[in-house]
Structures are given as C-alpha cells and as structure tokens.
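# Structure at a glance
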Amino acid sequence: MSTAGSVWTRVEVGLNVLAVDPAGLGGLWLRARSGPVRDRVMAALPALPLPQKRLHPSIGDEQLFGGIDLTATLAEGRVVQRKGLLAEPAVLVLPMAERTQPGLAARLAGAIDMGAGHCLIAMDEGAEPDETLPAALTDRLALHVDLDALPYGATDPVELDKDALAQARARLGQVKAAPKVLEDLTLLAVRLGIDSLRAPMLALRTARALAALGGEDEVDIDDLTTAVELVLAPRATQFPEQEQDQDQQQEPPPPEPEPEDRQDQEQGESQSLDELPLQDILLEAAQAALPADLLAQLAAKKSGRGAMGGAGAGAKLKGNRRGRPIPSRRGRLDSGNRLDVIATLRAAAPWQTIRKQESRIERNLHIRTDDFRIRRFEEKSDRLLIFVVDASGSAAMTRLAEAKGAVEILLAEAYARRDHVALVAFRGEDAELLLPPTRSLVQTKRRLAALPGGGGTPLAAGLKTALEVAIQAKGRGMTPTVALLTDGRANIALDGTPNRAQAGEDATKMAAAIRLNEFPAMVIDMGQRPERSLKALADTLGAPYIPLPRADANRLSSAVSAVLDA
Amino acid sequence: MTQPFPFSAIVGQEEMKQAMILTAIDPGIGGVLVFGDRGTGKSTAVRALAALLPPIKVVAGCPVNSPSLDRCPDWAHVGQHDIVERPTPVVDLPLGVTEDRVVGALDIEKALSSGEKAFEPGLLARANRGYLYIDEVNLLEDHIVDLLLDVAQSGENVVEREGLSIRHPARFVLVGSGNPEEGELRPQLLDRFGLSVEVASPKDIDTRIEVIRRRDAYEMDYDGFMGKWRQEDAELRDRILAARAHLNTLKTSDAVLRDCAELCLALGSDGLRGELTLLKTSRAVAAFEGAEEVTRDHVRKIASSALRHRLRRDPLDEAGSTTRVTRVVEEVLA
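Residues numbered from 1 in each chain as written. Chains lettered and ligands numbered in written order. Predicted model: local features only at pLDDT ≥ 70, side-chain atom pairs only at ≥ 80, totals over all residues. Heavy atoms only, no water.

Now for the pattern of salt bridges. For the structure shown, the criterion picks out 24 salt bridges over all chains. Note that Lys-83 of chain A and Glu-88 of chain A form a salt bridge whose closest N and O atoms lie 3.0 Å from each other. The class of Lys-83 of chain A is exposed, set by a relative accessible area of 61%. The partly exposed category is assigned to Glu-88 of chain A, whose relative accessible area is 40%. Across the salt bridge formed by Glu-156 of chain B and Arg-167 of chain B, the nearest N and O atoms sit 3.4 Å from each other. Remark: Arg-167 of chain B occurs in strand S9 (residues 164-169) and Glu-156 of chain B occurs in strand S8 (residues 156-161); sequence separation between them is 11 residues. Overall, the relative accessible area of 31% leaves Glu-156 of chain B in the partly exposed class. (Salt bridge = Lys/Arg side-chain N within 4 Å of Asp/Glu carboxyl O. Buried < 20%, exposed > 50% of the residue type's maximum accessible area, 1.4 Å probe, protein only. Helix = DSSP H or I, 4+ residues; strand = E, 2+ residues; numbered from the N terminus.)

So this is what it looks like as structure tokens:
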C-alpha cells in the first residue's frame with residue numbers, strides 16, 4: 001500500500017495540477033498539523049496564478065462579500081463601500097479549517113459553485129477523526145491530502161517550473177478527453193463506493209490538467225491513473241469488488257452498497273468488457289493509493305458518530321445572540337454582532353475633547369471603529385437524561401426504588417450541571433412517561449411516589465417512549481441521553497401481545513431507531529447475573545453496557561455520572 | 001460572470017424538476033423542499049430555477065418590488081413612477097444570517113454618519129413577490145426559522161425595534177435544500193413547504209456518465225453549450241407561461257376533490273393543508289400538460305411530492321415515507 005515517499009510524490013503532482021487549473025479543481029483539502037511538512041506545501045502556493053487571501057473560520061459576511069467600510073465612513077462622514085474577499089478570483093487560504101461552521105461552509109461552497117474562479121486551500125488541523133472539514137466543502141475540493149503520518153525526511157522542497165505551468169495553462173483549453181474516459185472514471189467511482197458525481201468530474205479535470213502539463217493534446221492512460229490516485233482514491237468508501245472470482249476471504253464490504261447498486265455495477269462491467277484492461281489499470285492505481293487502514297477508518301467514523309451523539313453534548317456555546325451575558329469586548333461591527341451601545345459610548349467618552357480638536361467635521365459625538373464594543377453571550381445546551389426503568393415483575397419493586405433514588409440524586413446535582421431528567425417506566429403491556437423532562441425536585445418526588453410495578457417486560461414500548469421524548473427534547477435544544485435500567489429480556493411485543501420472539505425483535509428495532517437518531521445511550525443491567533441479550537441490545541444502541549447487580553441509588557447515580565462525563 | 005447551469009440540461013431527477021416547474025406555474029403551491037445526498041444537483045437546480053421564472057413588473061426603486069406606486073410602503077419614500085420589468089427575485093438566505101439582515105433594521109451607518117433614523121430593508125423585503133432560497137435549510141438557526149414561519153404565515157413583515165415601527169408585505173415562495181444526514185427539519189417548517197422531493201445519486205451508470213458529460217461540456221465549451229440549452233430553457237419558460245394562463249380555465253370535478261381528501265385521510269396527515277396542496281399541484285400538472293380537466297392521473301403523479309413530508313414519523317417504519325405514500329396511493333386510487 002502507500003508509502004511515505006509515494007504520498008509526497010502525489011502531493012507534488014497535486015500541487016502542480018492545482019497550479020495549472022486552480023479554479024477548475026476547486027482546491028485542496030490539506031489535513032496536517034502545523035509544521036515544517038505543511039510549510040513545504042504552503043511554500044508552493046504562490047505558484048498559483050491568483051492572489052492569495054487569508055480567511056478565518058469565524059469570518060463574517062461583510063469581509064467575505066463586502067459592505068460598508070466603517071472606518072472610512074466614520075472618518076469621512078459619508079458612506080464608503082468596501083469590496084469583499086470573494087469579489088475577485090483568489091486563492092482562499094482557510095487555516096483551522098476543522099472549525100469551519102456549516103454557515104461558512106455553505107457560503108464558500110456557493111462561491112466555488114458559482115464558478116467565480118476561486119480556489120480554496122483548507123488547512124485542516126483536526127486531531128480527532130471526526131474533527132474535520134464540513135462534507136459540503138470536501139466534496140467540492142478535488143485534492144485531498146493527509147500529511148499527518150508523513151515524516152519530514154520523506155519530503156523535499158516542492159519545485160514548480162513557472163514556464164512549464166504557464167504553457168500548460170495555455171494548453172488546457174485544447175486538451176481533449178475521449179468519451180470512453182468519462183465512462184471509465186464514472187464507473188470506477190461507483191466501484192469505489194463514491195456516491196457524489198462531483199468526484200469523477202474533478203478527476204476528469206485533474207486528468208486534463210495533467211495532460212496539459214505533459215504537453216499532450218489528449219488525456220492518456222498515465223494522466224488517468226494519476227488522476228484516479230489523486231482524486232478518487234482518497235474518497236473511496238469501499239474496496240472495489242474483485243472481478244470474476246468472488247474471493248470469500250476478502251474483507252466484507254461495508255453495508256452501504258444496496259443490492260440494486262450492485263446490479264448496476266455488474267451491468268456496467270459487462271458493458272465495458274472490451275475496455276477491461278483500462279479499467280483494470282485504473283483500478284490497480286486506485287487500490288495502490290487507498291489508505292491502508294480504510295476499513296478501520298470507516299468503522300471509526302461510524303461508531304464515533306453513534307457514541308458521541310453529534311456535536312456539542314451539553315457543551316458551552318459562546319455565541320453573541322442569546323444566553324447569559326458575558327463582558328462585551330472590542331470588535332468589528334460585522335453581520336453576526338450586536339453593538340453594546342453603552343460600552344461603546346463609555347469607551348469613546350474619554351477621547352471626546354481630543355477628537356473634537358482634531359476633527360475637521362463639526363459633530364457632537366466622535367466615535368471611531370476602535371470604540372465599538374460587541375455584546376457577547378454564553379449559553380449551554382441543556383442535557384436531558386431519560387431514565388427508562390423496568391418496572392416489571394415482583395422483583396422490580398426494589399429495583400424501582402433504587403432507580404427512583406438515583407433519579408433524585410441526579411436531579412439534586414442537576415442545578416450545578418444543568419441537567420434535566422425524565423423517567424419512562426415500562427410494565428404490563430405498555431410504557432408510560434412518568435416524569436416529563438423537568439428540573440423540579442418537588443415535582444419529581446411527587447410523581448415518583450406514585451410509580452407502581454408488576455407485570456410483563458414491554459422493553460420495546462419503553463424504548464419507543466424514550467425515543468419520542470428524546471426527539472421532542474432535541475427539538476427544544478436539549479441534548480438527550482437515554483439510560484436503560486433493566487434486568488431481563490423483553491417478553492411483551494410492541495402491540496402488547498406476550499410473544500417473546502417478537503418482543504426481542506421489536507426491542508432491537510427500537511434500539512436501532514434510537515441509534516439512528518444518534519442519541520447516546522447506556523444500558524445498566526441490574527439483574528443478579530449479566531444477561532447476554534442486554535449486551536447485544538447495548539451493542540445495537542452503540543451504548544456502554546454496565547452490569548450492576550444489587551445496585552443502590554448511590555452506585556447507580558455515580559455510574560450514570562461516570563458515563564455522562566466520559 | 002457566467003450563468004448558472006441551465007435547468008433543462010439537468011439529467012434525470014425528474015421529480016425535483018417537476019416540482020420546481022409546478023411551483024413556477026403556481027407560486028400558491030408554496031415552495032419546494034429538496035432533500036438528498038451531496039452532489040445530486042440540488043443547488044444546481046435551485047440556482048437554475050431563476051432562469052425559468054417570468055419577469056415581474058415593479059415600481060423602479062421600490063425596496064419591496066411593489067407592482068404599483070400606491071402599494072409602495074411609506075417609509076421607502078419612492079419618488080419615481082416608472083414601472084420596470086425585473087426578473088423574479090430569487091434571494092439567497094445564507095445560513096449564518098442575522099435577524100437584522102433578514103427582517104431589516106435601523107441603518108446603523110446612516111445613524112452614525114449623518115444621525116438619520118432610516119430603515120434598511122432586509123432579505124424579506126427583497127424576496128417579496130419572489131423566491132427565498134435556503135441552502136442547508138436544516139442547519140438554519142432556530143430563531144431565524146421562527147421568524148420565517150411567522151412571516152410566511154402572515155405575508156407581512158413587521159419590525160418594531162430600536163425606535164422603528166415599520167411594516168411591509170413579504171410574500172415569497174420558500175425553496176429549501178438540505179442533506180438529511182446533517183439534521184432534521186422541524187415539522188412546523190416542513191409543513192410550510194408545498195412540495196417535498198427526495199433526490200439520490202443516480203444509480204444507473206449511463207445516467208451518471210451523461211451527467212458528467214454535460215457538466216464537462218458546460219465547463220469546457222460554455223458558449224456552445226449555453227446556446228443549445230438556453231433555447232430549451234426559453235421553450236420551457238413559454239410552456240410555464242402558457243400553463244399559468246391555462247390554470248384558471250381548468251375544470252376540477254368533485255371526484256378529484258374526493259380523491260384528495262381520501263388520500264389525506266388514509267395517510268393521516270395533519271390539517272387541511274395537504275388536501276389544498278394536492279389540489280393546487282394536480283391543477284398545475286394538468287395545466288402544464290395542457291389537459292382540459294384535472295384527473296386522477298394528475299393526482300397520482302404528484303401525490304408523493306405533496307404528501308411525503310406531512311406524515312407523522314413512525315420510527316419503526318424503515319421503508320420511509322415515500323413508500324408509505326406510494327402504498328396508500330395505490331390502495332386509494334386503485
């Protein structure tokens with residue numbers, strides 16, 4: 001598979017291609033920490049035939065799209081317009097790209113789509129796999145480069161021949177690609193599990209640029225193989241299936257491709273049978289460039305999403321729209337900000353006499369851009385802990401008491417942690433929302449006192465109610481977590497009939513639904529002996545499984561806290 | 001600046017194209033929501049929509065595109081009487097947009113530089129009588145969604161803040177697009193969209209190749225490509241105009257009304273908006289096809305688009321709402 005040396009070769013080729021057709025390729029997604037290796041890449045950027053402009057992840061609309069130049073406006077006493085960074089074609093360098101908000105991503109994606117000639121260099125310094133550039137952008141950038149594992153010794157300064165690049169640029173418009181080339185690239189993208197149609201498109205443009213660099217008038221096989229390595233291989237989501245002999249030893253492909261998908265692939269293969277050699281060469285090229293740990297990466301991506309429960313679980317949000325006010329600070333008056341008038345006046349007050357003497361314009365109040373104070377707020381999204389408690393059977397009475405105790409303890413801590421608590425109990429044939437999301441201790445105690453027990457185990461009904469509560473709470477801006485407390489196997493199906501097999505199936509389905517909604521969960525087994533079906537259920541939920549026989553309220557609440565804080 | 005990729009040149013995605021055309025024929029249908037994967041032509045289609053819309057007549061210099069001088073709001077101080085023809089406005093609502101920018105606010109620059117209290121109209125004013133396009137609509141911030149819901153409901157934008165008291169008409173058609181993997185849409189906002197379409201990457205190799213081929217031609221041979229497809233776009237626009245004129249002469253039988261009502265009942269959609277949209281959309285389809293009368297076939301054609309987003313979500317139903325609608329349509333309109 002790929003070695004450090006060949007990675008760097010690809011980087012060099014990629015930079016050359018980018019210098020030939022910066023706007024057509026959209027740009028470069030550079031995943032690397034700040035360091036000498038990245039500096040070598042950045043040093044090559046001036047070879048791009050566009051002015052370089054730096055953005056930052058929290059850049060405002062006014063800077064991007066232009067607007068009124070406040071400094072000049074205030075100084076001259078008339079409205080002065082200023083051009084935005086996106087007004088003219090440019091190489092947009094975006095450092096700390098992993099912190100790009102969806103809003104900025106949408107705007108940059110729009111700028112790339114409009115064909116205004118921009119080229120985005122996204123410098124992604126993410127440390128974790130899920131800390132990365134928004135997919136709306138990665139999809140539009142032709143070149144994906146990951147330098148994290150690359151030692152400095154394996155790199156050389158990038159050499160770009162300015163004259164050759166200029167010639168290639170001039171030639172680019174005349175480079176032709178045979179219709180077959182299009183088909184092969186599209187086919188290969190499907191086989192690599194790349195759904196987006198932008199990928200083969202970008203690969204084609206890369207191949208054109210490569211041909212132009214080589215001084216040719218038509219895209220040939222070498223250009224294609226390189227383009228596949230550069231553009232398609234980094235986007236692969238599956239290993240291409242082996243042809244003819246379906247090797248049983250081969251790693252099972254991830255479950256993405258649907259059956260019909262597979263059919264189409266086979267059709268496609270039979271259609272282009274006469275061109276098989278070309279397909280094979282391209283396929284080999286792609287395989288050679290696939291990251292060695294593709295499967296591991298894919299798995300990590302999946303499980304990470306389930307367990308983390310989306311962005312910002314109960315996290316602090318520093319915004320400037322609402323929440324608890326924090327001190328205002330000096331800032332620019334661009335779109336996202338609100339002026340703190342009092343603080344601005346206070347900042348301007350001491351200077352008034354001086355400014356009046358200096359100013360050419362007669363005015364009562366002299367305010368400069370430096371005086372502007374911006375309002376800031378901090379808010380935390382509230383966490384909601386949904387207890388799903390098994391109240392079935394006679395033994396449940398003790399368990400229920402412990403669960404009630406745990407809820408009360410957790411609620412008492414809730415004032416500090418800003419947690420809300422809800423309680424769903426399931427018994428008999430159905431589940432009941434005993435305690436809607438609340439932070440009120442008094443209300444909790446009153447409702448909990450009236451909780452009865454006994455009957456069957458309608459686990460699926462309990463999970464369903466929990467899911468409904470969680471979806472509602474999420475809509476209200478809370479971050480729900482589901483905690484299931486039970487000891488046994490489901491024996492009542494969703495429709496209320498005592499059918500063990502159906503009940504188990506329903507419970508698994510509901511668990512899958514909860515996972516699909518990306519709600520984090522935990523399963524606490526309170527039975528005397530660990531129950532295997534519960535472990536399986538926890539796996540379906542993507543949740544930690546915690547066996548806690550004879551748990552008391554304190555141990556229970558600390559176990560839950562530990563999982564929550566993990 | 002190059003023009004966006006022409007609408008008629010979009011390969012496949014027939015349901016999405018149909019929905020866009022229908023909403024252009026009858027803006028009363030209430031907009032389109034396009035949900036789907038990345039790189040399936042969502043943004044392309046919406047950006048291309050503008051070219052299909054017939055121009056409107058507005059008072060020159062009016063910030064809310066009023067059709068006649070007496071409808072211009074007082075605060076705008078429109079002095080001109082000229083009526084000019086403008087393309088139907090398609091206004092982009094960016095994600096990180098602030099409340100001020102959407103509804104309009106005190107013009108702070110004027111306030112600071114000349115001490116004048118003036119109103120600076122926002123995006124809602126610009127979108128009046130036109131289209132408001134929200135890319136990644138599911139990522140829109142909640143308070144902006146609230147605002148839009150309120151205005152979309154009343155058709156009027158009221159600003160009461162910072163010593164300003166301003167109102168102006170804001171009737172627009174919402175067009176949204178998004179990727180469902182990145183977040184859900186609130187049911188209240190879902191309901192405001194007349195039609196909803198799900199798009200997926202084409203699974204058929206030939207279609208995929210055709211997409212790439214046309215896109216490549218658009219980029220490599222812009223003039224030739226646009227020359228060819230601009231013609232098609234113009235023809236489509238003429239058909240839309242003809243359909244608009246035809247809309248009022250269409251007959252709708254009670255049987256069709258009954259079909260609509262029965263469909264909505266069987267699907268258990270909330271409220272009566274489902275029926276109304278179903279009716280209006282069927283009418284638009286019939287007008288587009290040049291039919292004399294709205295028939296059951298027309299209803300069947302658009303039932304999925306008009307209803308799939310109005311169902312209550314069933315977490316156990318893995319098939320998704322499209323299959324549910326199709327099933328019920330088969331049963332009711334058998």
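Having seen it, we continue.
For the rest of this paragraph, the subject is the state of the cysteines. Residues and elements named next belong to chain B. Applying the stated rule across the entire model yields zero disulfides over all chains. For the unlinked cysteine Cys-62, the closest cysteine sulfur is that of Cys-72, found at 3.5 Å. For Cys-62, a relative accessible area of 7% translates into the label buried. In this structure Cys-260 is not part of a disulfide, and its nearest cysteine sulfur, from Cys-264, lies 6.9 Å away. (Disulfide = S-S within 2.5 Å.)

Residues and elements named next belong to chain A. In this model, chain A carries a mean pLDDT of 76, and residues with pLDDT of at least 70 account for 80%. When pLDDT is averaged over each helix and strand of chain A, the minimum, 40, is found for helix H12 (residues 259-271) and the maximum, 92, for strand S5 (residues 91-94). This stretch, residues 243-276, has a pLDDT under 50; its non-local contacts, to residues over four places away or in other chains, come to 36 contacts. Below a pLDDT of 50 lies the segment residues 300-317, which in the model reaches 28 contacts outside its immediate sequence neighbourhood of four places, other chains included. (pLDDT = per-residue confidence, 0-100. Contact = heavy atoms within 4.5 Å.)

All names here are of chain B. Pairing is parallel in the open sheet, where five strands are placed in the order S4-S7-S10-S1-S11. Both outer strands of the open sheet, strand S4 (90-92) and strand S11 (195-199), are each paired with one neighbouring strand and no more. The mean inter-strand angle of the sheet, taken between neighbouring strand axes irrespective of direction, is 20°. (Pairing = 2+ DSSP bridges. Axes fitted to C-alpha atoms, helices over the stretch in contact; angles between N-to-C directions.)

A few words now on the side chain of Thr-344 of chain A. Residue and element names in this part refer to chain A. For Thr-344, the location among the structural elements is in helix H15 (residues 341-348). By relative accessible area, Thr-344 is classed as buried at 3%. Leave out the neighbours within four places in its chain, and Thr-344 touches Leu-339, Ile-367, Asp-371, Phe-372 and Arg-373.

Moving on, we get to the packing of aromatic side chains. Any aromatic ring pair is given by two values, namely how distant the centres are and how the planes are angled relative to each other. Residues and elements named next belong to chain B. Overall, the coordinates contain five aromatic pairs over all chains when judged by the stated rule. A ring pair is formed by Phe-225 and Trp-229, whose centres lie 6.1 Å apart and whose planes are at 50°; its orientation type is tilted. Taken as a pair, Phe-225 and Trp-229 lie in helix H9 (residues 222-246) at a separation of four residues, close to a single helical turn. An aromatic cluster is present here, built from Phe-5, Tyr-218, Tyr-222, Phe-225 and Trp-229 joined pairwise through their rings. One residue, Arg-239, lies across the ring of Phe-288, its end atom 4.0 Å from the ring centre. (Phe/Tyr/Trp six-rings, centres within 6.5 Å; stacked < 30°, edge-to-face > 60°. Lys NZ or Arg CZ within 6 Å of the ring centre and 35° of its normal.)

Attention now goes to the nonpolar core. All names here are of chain A. Counting 65 residues, the largest nonpolar core has Leu-28, Ile-121, Leu-147 and Leu-232 as its most contacted members. If you tally residues by element for this core, the top one is helix H10 (residues 198-213), at 10 residues. Non-local contacts of Leu-147, meaning those with residues more than four positions away in its chain, are made with Trp-8, Val-11, Leu-30, Arg-31, Ala-32, Val-37, Arg-38 and Val-41. (Core = buried A, V, L, I, M, F, W, Y, C linked by side-chain atoms within 4.5 Å.)

Turning our attention to the packing of helix H1 (residues 14-25) of chain B against helix H12 (residues 296-307) of chain B. To describe two helices that pack against each other, one gives the angle between their axes and the distance between the axes. Residues and elements named next belong to chain B. Put simply, H1 and H12 touch, their axes get as near as 11 Å, and they point 90° apart. As judged from the angle between their axes, H1 and H12 are roughly perpendicular. Touching Glu-15, Gln-18 and Leu-22 of H1 are Lys-301, Ile-302, Ser-304 and Ser-305, all from H12. Tallied by class, residues from the contact of H1 with H12 come to two nonpolar, three polar and two charged. (Parallel < 35°, antiparallel > 145°, perpendicular 65-115°, else oblique. Nonpolar A, V, L, I, M, F, W, Y, C, P; charged D, E, K, R; others polar.)

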